[in-house]
Amino acid sequence: MATVSRRARLADVHEFATGMPFVSRVDGPSGNPVYQVGGKSFVFFRNPRPDAFDPDTGERYPDVIVIWVPSESDKLALVQDPDSPFFTTPHFDGHLSVLVRASRIGELSKQELAEVIQDAWLSRASRKRAADWLAAHNVAD
């Protein structure tokens, strides 16, 4: 019988990001966490911005997380489903990332969140670091 992954939690974002190798956490302008590998961000918590807002109230979302993706097709796969917690805004057109609200992280399983963050890290890590991680985890490139 397969083990069912529990629902993801906000703490899992931090745990998975810091659990990848060669990661540093820096603070953004308002103390918001930014996770980087080799000086390149792969997960960061945004400050409320005018491009991500509640369509009913106009209030800016205070809990948006930006997560890098490997390709435009990966981005589209995550944001095209209207039931998906992932979204994008015109500000991120052409940027290989998706947005997700912290308040919707629980719509993902812990395993789904881990995979998205691992993919984000892999998309930003050096080729050698990515290859070494994939080999260590018996994952085909």
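Residues numbered from 1 in each chain as written. Predicted model: local features only at pLDDT ≥ 70, side-chain atom pairs only at ≥ 80, totals over all residues. Heavy atoms only, no water.

1. Examining helix α1 (residues 10–19)
Moving on, step 1. For α1, every residue scored as buried is listed here: Asp-12, Val-13, Phe-16 and Ala-17. Down the axis of α1, the buried side of the element spans an arc of 125 degrees, and every buried residue falls inside it. Of the residues in α1, the exposed ones pointing more than 90 degrees away from the buried face are Ala-11 and Gly-19.
Moving on, step 2. Where α1 is buried, its residues meet β1 (23–27), β2 (33–37), β3 (40–45), β4 (64–68) and α3 (110–124). (Buried < 20%, exposed > 50% of the residue type's maximum accessible area, 1.4 Å probe, protein only. Helix = DSSP H or I, 4+ residues; strand = E, 2+ residues; numbered from the N terminus. Arc of directions from axis to C-beta. Contact = heavy atoms within 4.5 Å.)

2. So, the pattern of salt bridges
Moving on, step 1. Under the criterion given, the structure shown has 6 salt bridges.
Moving on, step 2. Arg-101 is the partner of Asp-63 in a salt bridge, and the nearest nitrogen-oxygen pair spans 2.8 Å. Highlighted residues: Asp-63 in the loop between β3 and β4 and Arg-101 in strand β6 (residues 97–101), separated in sequence by 38 residues.
Moving on, step 3. In this structure Asp-63 comes out as buried when scored by relative accessible area, which is 16%. (Salt bridge = Lys/Arg side-chain N within 4 Å of Asp/Glu carboxyl O.)

3. What about the nonpolar core?
Moving on, step 1. In terms of nonpolar packing, the biggest core is built from 41 residues, with Phe-42, Val-43, Ile-65 and Ile-67 touching the most fellow members.
Moving on, step 2. Among the elements of the structure, α1, β2, β3, β4, β5 (86–87), β6, α3 and α4 (127–136) are those that each provide at least two residues to this core.
Moving on, step 3. Among the elements that take part in this core, α3 stands out by supplying 7 residues, more than any other.
Moving on, step 4. If near-sequence neighbours (up to four positions away) are discounted, Ile-67 is found in contact with Phe-42, Val-43, Phe-86, Ser-97, Val-98, Val-100, Val-116 and Ala-120. (Core = buried A, V, L, I, M, F, W, Y, C linked by side-chain atoms within 4.5 Å.)

4. Let's talk about the packing of aromatic side chains
Moving on, step 1. Here the structure, examined in full by the defined rule, presents 3 aromatic pairs.
Moving on, step 2. Their ring planes at 50 degrees and their centres at 5.8 Å tell us that Phe-44 and Trp-68 sit as a pair that is tilted. Of this pair, Phe-44 sits in strand β3 while Trp-68 sits in strand β4, and the two are 24 residues apart along the sequence.
Moving on, step 3. On the basis of relative accessible area, Trp-68 is assigned to the buried category, the value being 9%.
Moving on, step 4. When the ring of Trp-121 is compared with that of Trp-133, the centres are 6.3 Å apart and the planes differ by 50 degrees; the resulting orientation is tilted. One end of the pair, Trp-121, is in helix α3; the other, Trp-133, is in helix α4, with 12 residues separating them in the sequence.
Moving on, step 5. On the basis of relative accessibility, which here comes to 0%, the residue Trp-121 falls in the buried class.
Moving on, step 6. Taking NZ or CZ as reference, Arg-129 lies 4.0 Å from the ring centre of Phe-22, over its face. (Phe/Tyr/Trp six-rings, centres within 6.5 Å; stacked < 30°, edge-to-face > 60°. Lys NZ or Arg CZ within 6 Å of the ring centre and 35° of its normal.)

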